Amino acid sequence: MSDTIRAVILGIIEGVTEFLPVSSTGHLLLAERFFGLGEGAFWDSFTVLIQLGAILAIVGLYFRKLWDVVIGFFTGDTYSRRFVIGVLVAFLPAVVVGLVAGKYIKSMLFNPWVVCFTLIVGGAILLWVDRLDLKPREHDATKFPLLMYLYIGIAQCVAMIPGVSRSGASIVAAMLLGADKRAAAEFSFFLAIPTMIGAFAYDFYKSRAEMTMDHMGIVAIGFVVSFITAIIVVKSFLEYVTRHGFVVFAWWRVIVGTLGLIALALGR
């Protein structure tokens, strides 16, 4: 398989799974294990670098809202400043855990067995939360209580285990804390911006010496594909979960995780 085709496939996987509660990291690891995609140091960095494409999709889709927040922050708008502080409060736990335990997590837990188990467990949790008779109190992701932002950020740290899903962890936490499904999903998008930009910057800095012009071209292909795919997925996802909830994504996780365990048990 050529590097170009590999970049396109991985870009599609990233764009489709990044903002769905199904774990993009888990799917990328399984794609490497079972289909030979993304093997090697460069491809490990590639899967992190193309996340920026998915993030720019969020920035593009929410540009007006984000622009108003930025302007409001510098002009003294109380709600804008409170939201920015809330995102930073939610982001900080991941920074702390990443710095303290990131290397351990990557060396010990980044394997397909862990991914398959966490996909199944996460799917079961999604099914449970989706069926709870919750009474949402919060309907605007930019106006959650500050303590709620912190709790969501702490929950997001669990997603450092591959297969858990960053968006899944933050959505479940937000819903249990009183957010409706749409607001929970939207905040997971907003929280992804600093989280994934930080991961991108860190990985790009680490791998900068290994990047050739050929490598940059391959990254650019994956970046564009993940950007386009993420725009399509996010626009469809919000409307879908508002009406139908998360059941289909929960079963997706369970099915993928179960098939993965069967394949691993058979020595595939």
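Up top is the structure these notes are about.
Residues numbered from 1 in each chain as written. Predicted model: local features only at pLDDT ≥ 70, side-chain atom pairs only at ≥ 80, totals over all residues. Heavy atoms only, no water.

Draft legend 1. View of the overall build of the chain. Assigned secondary structure in the chain consists of 12 helices and zero strands. Listed N to C, the secondary structure of the chain is α-α-α-α-α-α-α-α-α-α-α-α in terms of helices and strands. Since a compact globule built from 268 residues should have a radius of gyration of about 18 Å, the 18 Å found for the chain is in line with a globular shape. Judged by the C-alpha coordinates and their principal axes, the chain covers about 50 × 40 × 35 Å. (Helix = DSSP H or I, 4+ residues; strand = E, 2+ residues; numbered from the N terminus. Rg over C-alpha atoms; globule rule 2.2 N^0.38 Å.)

Draft legend 2. How the structure looks around the layout of surface pockets. Considering only enclosed or pocket space, the largest pocket measures out at about 1,400 Å³ in volume. Lining the largest pocket are 44 residues, and of these Val48, Lys106, Phe110, Met160 and Ala199 sit closest to its centre. For the lining of the largest pocket, the elements supplying multiple residues, two or more each, are α2 (24–35), α3 (41–49), α6 (78–109), α9 (166–176) and α10 (181–207). Among the residues forming the lining of the largest pocket, the class breakdown is 22 nonpolar, 14 polar and eight charged. In this model, the second largest pocket occupies a volume close to 360 Å³. Of all elements in the fold, only α5 (63–75), α6 and α10 reach the threshold of two or more residues within the lining of the second largest pocket. (1 Å grid on protein atoms, 1.4 Å probe; cavity = no way out; pocket = protein on both sides within 12 Å on 5 of 7 lines; lining within 4 Å. Points joined across faces, edges and corners; volume = space filled by probe spheres on them. Nonpolar A, V, L, I, M, F, W, Y, C, P; charged D, E, K, R; others polar.)

Draft legend 3. Region of interest: the nonpolar core. Phe19, Phe144, Phe187 and Phe237 are the most contacted members of the largest nonpolar core, which has 47 residues in total. If you tally residues by element for this core, the top one is α10, at 10 residues. Other than its neighbours up to four places away in sequence, Phe187 contacts Phe83, Val87, Ala90, Ala141, Phe144, Tyr149 and Ile152. Membership of the second largest hydrophobic core comes to 13 residues, among which are Ala7, Leu37, Phe42 and Trp43. (Core = buried A, V, L, I, M, F, W, Y, C linked by side-chain atoms within 4.5 Å. Buried < 20%, exposed > 50% of the residue type's maximum accessible area, 1.4 Å probe, protein only. Contact = heavy atoms within 4.5 Å.)

Draft legend 4. Structural view of the environment of Met148. Mapping Met148 onto the fold places it in helix α8 (residues 146–156). Expressed as a C-alpha distance, the spacing of Met148 and Ala179, which sit 31 residues apart in the sequence, is 9.6 Å. Not counting chain neighbours up to four residues away, the residues in contact with Met148 comprise Glu138, Ala174, Leu177, Gly178 and Ala179.

Draft legend 5. The packing of helix α1 (residues 3–17) against helix α11 (residues 213–244), seen in detail. Packing of α1 against α11 leaves a shortest axis separation of 7 Å and a crossing angle of 30°. With respect to α11, the element α1 is oriented roughly parallel. For the crossing formed where α1 meets α11, the hand is right-handed. On α11, the residues that touch Asp3, Thr4, Ala7, Val8, Gly11, Ile12, Glu14, Gly15 and Val16 of α1 are Ile218, Ile221, Gly222, Val225, Ser226, Thr229, Ala230 and Val233. (Axes fitted to C-alpha atoms, helices over the stretch in contact; angles between N-to-C directions. Parallel < 35°, antiparallel > 145°, perpendicular 65-115°, else oblique. Left-handed = near helix turned anticlockwise from the far one by under 90°.)

Draft legend 6. Layout of the packing of aromatic side chains. Tallied over the full model, the rule gives 14 aromatic pairs. Here the aromatic rings of Phe144 and Tyr149 are separated by 5.6 Å at their centres, their planes lie at 35°, and the arrangement is tilted. The exposure class assigned to Phe144 is buried, which follows from its relative accessible area of 0%. Of the residues examined, Tyr149 reaches a relative accessible area of 0% and is grouped as buried. (Phe/Tyr/Trp six-rings, centres within 6.5 Å; stacked < 30°, edge-to-face > 60°.)

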